[in-house]
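# Coordinate analysis (summary)
One letter stands for each residue in the lines below.
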Amino acid sequence: MSTTHRRPGYHHGDLPDRLMCLALQHIADVGTQKLSLRALAREAGVSPTAPYRHFASKQCLLAALATQGFQELEARTDAAGLAAQSVEDRFLAMGLAYVRFAQDNPTLYQLMFGSGLSEFSAYEMLHTAVASAYGSVDRVLAQLIAEKDLPLEVEQLGGVVWGALHGIASLLISDLKIGDGTLRPMQSLAALRADPEVSIEYLLRSLIAEPKCDQAGV
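Residues numbered from 1 in each chain as written. Predicted model: local features only at pLDDT ≥ 70, side-chain atom pairs only at ≥ 80, totals over all residues. Heavy atoms only, no water.

## Some details on helix α2 (residues 37–44)
All of the buried residues along α2 are Leu37, Ala39, Leu40, Ala41 and Ala44. On its buried face, α2 is in contact with α1 (15–30) and α3 (58–82). Here α2 starts with a cap whose side-chain oxygen sits 3.3 Å from the backbone nitrogen of Arg38, and that cap is Ser36. Residue Gly45 follows α2 closely and has a positive phi angle near 75°. (Buried < 20%, exposed > 50% of the residue type's maximum accessible area, 1.4 Å probe, protein only. Helix = DSSP H or I, 4+ residues; strand = E, 2+ residues; numbered from the N terminus. Contact = heavy atoms within 4.5 Å. Polar contact = N/O pair within 3.5 Å; in protein donor to acceptor, adjacent residues only side chain to side chain.)

## Digging into the pattern of salt bridges
The final tally for this structure, using the stated rule, is six salt bridges. Glu88 serves as the salt-bridge partner of Lys148, at 3.0 Å between the closest nitrogen and oxygen. Here Lys148 is found in helix α6 (residues 124–148), whereas its partner Glu88 is found in helix α4 (residues 87–104), with 60 residues between them in sequence. Across the pair, exposure class does not vary: Lys148 and Glu88 are buried alike. For Arg100, the salt bridge is made with Glu197, and the minimal N-O distance between the two is 2.5 Å. Placement of the pair is Arg100 in helix α4 and Glu197 in helix α9 (residues 196–207), with a sequence separation of 97 residues. A residue is classified by how much of its surface remains accessible, and Arg100, at 36% relative accessible area, is partly exposed. Each of Glu88, Lys148, Glu201 and Arg205 takes part in one network of salt bridges that share partners. (Salt bridge = Lys/Arg side-chain N within 4 Å of Asp/Glu carboxyl O.)

## Some points on the packing of α1 against α2
Look at α1 against α2: their axes get within 10 Å of each other, and the N-to-C directions meet at 115°. With respect to their mutual orientation, α1 and α2 come out roughly perpendicular. Along this stretch, α1 crosses α2, giving a crossing that reads as right-handed. For the pair α1 and α2, contact is made by Leu15, Arg18, Leu19, Leu22, Ala23, Gln25 and His26 and by Ala39, Leu40, Ala41, Glu43 and Ala44, respectively. When grouped by side-chain class, the residues that make up the contact of α1 with α2 number eight nonpolar, two polar and two charged. (Axes fitted to C-alpha atoms, helices over the stretch in contact; angles between N-to-C directions. Parallel < 35°, antiparallel > 145°, perpendicular 65-115°, else oblique. Left-handed = near helix turned anticlockwise from the far one by under 90°. Nonpolar A, V, L, I, M, F, W, Y, C, P; charged D, E, K, R; others polar.)

## Topic: the layout of surface pockets
Reported here for the largest pocket is a volume of approximately 390 Å³. Taken together, 22 residues line the largest pocket, and the ones lying closest to its centre are Tyr98, Tyr134, Val137, Gly158 and Trp162. Elements represented by at least two residues in the lining of the largest pocket include exactly α3, α4, α6 and α7 (154–173). Across the lining of the largest pocket, the residue classes break down as 15 nonpolar, four polar and three charged. (1 Å grid on protein atoms, 1.4 Å probe; cavity = no way out; pocket = protein on both sides within 12 Å on 5 of 7 lines; lining within 4 Å. Points joined across faces, edges and corners; volume = space filled by probe spheres on them.)

## Regarding the side chain of Thr67
Examined against the element boundaries, Thr67 turns out to sit in helix α3. We classify Thr67 as buried; its relative accessible area is 5%. Side-chain polar atoms of Thr67 contact the backbone nitrogen of Leu126, separated by 3.4 Å. Sequence-distant contacts of Thr67, defined by excluding residues within four places in its chain, comprise Met125, Leu126 and Ala129.

Listed below in structure tokens is the structure:
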């Protein structure tokens, strides 16, 4: 669509959303370091200063993207958990939803958990979104710990679960090529990609398995 009829100060009613959408595309192509608000303005067909009315800096735009990401992640995991009956099934469903979110939004996921945003607390909305997303998971973890008498605090179990899921998600969205499948790590990656749900469910069930009784203490 031609934009020659637009005045230099043309303002989109949905400019923030448009800029955020364009930013994700640019990040996927060139990374966060080369992301430019002026380049986004050109592509959106607005004046070079228009983006700054909504985002004071590139970092603020990245923070807004990450905030939106954590809000969507929470919505997805909560919806998956609500459909489950038991707390264990809720935990499994939320874990699967987490990985699926990463697969559906690889660029956004890498931004959310990458080094581009070094300090969440510098952005109040992002800090709130992160706390809310983790709060939903923490409540389920607390129920699991109580129900299964697990020897861990919520923060400890959360770290283990997050590390496991993040590792799987990162492998699934990586640009690693399987090649001819002769390298052993690539064989494991091929198996993971072929049926990630089986691997995720096995891993999560193993993490919350009830501790075995110490026979010496019986």
